[in-house]
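Structural overview
Listed here are the chains, written in short residue letters.
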Amino acid sequence: MKTIVITGPSGSGKTILSNKLAKSLKDSVIVKTDSYYRDNLIIKLISIFINDVYDRFLSFKSKEIMKTIDSLFKNEKSINFYTYDFTKKISRKTTRKINHKENYRFLILEGIFSHRLDLNYNETINIICKEKKEICYQRRLKRDQRERGRNKKEINKKFNKSWNLYFQNLNKFSHIKNTITLNQSDKLSYKLLIRKIKKMN
C-alpha cells in the first residue's frame, strides 16, 4: 500500500482533493487528521485561553492516528477510526471491519497535521494544496459557520493565526524531494498527478 500525504492550510482544498483522488484511484482508503482531535478536559480548558489551540499539534491524537495507519498496513481485520464532532467537541472511536480482499493500494492521509507524523516522508507521495489566502478564508468562513457553529468574529480571530501557524511548520516538509505543490482545481495538474501516482505504484 502506498501512502499519499495531502497537507495545506485551512480551506486550501485538502478534502476535495482527497475525495477526487479516492474516486480516480481505485482501492483507496482515506484517513483524515481532523477526525483525531483530543476531547479531554485539559484540551478544553486550554482552548478557553488559547483560541487557536486546535491549530496546534498538542490538540491532536498523533499516537492514535499512527495506530490506525499501522493497523491498515498490517491488514488487521478490525481497525479503530475516529470521528470528531466540532460543535460538541467530542471525539468518537469506531471499530471498522475491513475486508482485505479489497486489497487497498493507497492510503490517502489528509489534514493540517498529515505532514507532521512519525512517517518516512521520503517514501510517501507528498502533496501540498496551494490556494490564495482570500479564497481559503472564504471557504473556511462558510464551513465554520455551517458545520462548526462559529460566528464571523470568531472565525476572523482564528484564521490568520491558523494560517501563520501552518506555514511555520511547513518548511522542512516542503523541501522533501518528492513533494508536489498543487491547486486542486487545476485540471491539467491533477491529470498529471494521477499519471505520476499510477506510475509510482
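Reference entry: report on the structure contained in this document.

Focus on helix H4 (residues 133–147)
For H4, spanning 15 residues, the distance from its first C-alpha to its last is 20 Å, which sits close to the expected 21 Å at 1.5 Å a residue. Listing the buried residues of H4 in full gives Cys136, Tyr137, Arg140, Leu141, Arg143 and Asp144. Among the structural elements, helix H5 (152–168) are those in contact with the buried residues of H4.

Description of the pattern of salt bridges
Summed over the entire model, instances satisfying the criterion amount to nine salt bridges. Between lysine 32 and glutamate 110 there is a salt bridge; the shortest N-O distance is 3.0 Å. Within this pair, whereas lysine 32 is found in strand S2 (residues 28–32), its partner glutamate 110 is found in strand S5 (residues 106–110), the two being separated by 78 residues in sequence. Given a relative accessible area of 3%, glutamate 110 falls into the buried group.

Some remarks on the packing of aromatic side chains
Under the defined criterion, the tally for this structure stands at 14 aromatic pairs. Here tyrosine 37 and tyrosine 84 contribute two aromatic rings whose centre-to-centre distance is 5.4 Å and whose plane-to-plane angle is 55 degrees, an arrangement assigned as tilted. Here tyrosine 37, found in the loop between S2 and helix H2 (41–49), pairs with tyrosine 84, found in strand S3 (residues 78–85); they are 47 residues apart in sequence, far enough to count as distant. Here tyrosine 37 falls in the buried class, since its relative accessible area comes to 4%.

Section: the side chain of serine 114
Take serine 114: it is sitting in the loop between S5 and strand S6 (125–129). Of the residues examined, serine 114 reaches a relative accessible area of 0% and is grouped as buried. Engagement of the side chain of serine 114 in a polar contact is seen with the backbone oxygen of isoleucine 6, the distance being 2.9 Å. Polar contacts involving the side chain of serine 114 include one to the main-chain carbonyl oxygen of glycine 111, which spans 2.9 Å. Once residues within four sequence positions are removed from consideration, serine 114 is found in contact with Val5, Ile6, Thr7, Thr33, Leu109 and Tyr121.

The rules behind the values
- Residues numbered from 1 in each chain as written.
- Predicted model: local features only at pLDDT ≥ 70, side-chain atom pairs only at ≥ 80, totals over all residues.
- Heavy atoms only, no water.
- Helix = DSSP H or I, 4+ residues; strand = E, 2+ residues; numbered from the N terminus.
- Expected span 1.5 Å × (residues − 1).
- Buried < 20%, exposed > 50% of the residue type's maximum accessible area, 1.4 Å probe, protein only.
- Contact = heavy atoms within 4.5 Å.
- Salt bridge = Lys/Arg side-chain N within 4 Å of Asp/Glu carboxyl O.
- Phe/Tyr/Trp six-rings, centres within 6.5 Å; stacked < 30°, edge-to-face > 60°.
- Polar contact = N/O pair within 3.5 Å; in protein donor to acceptor, adjacent residues only side chain to side chain.

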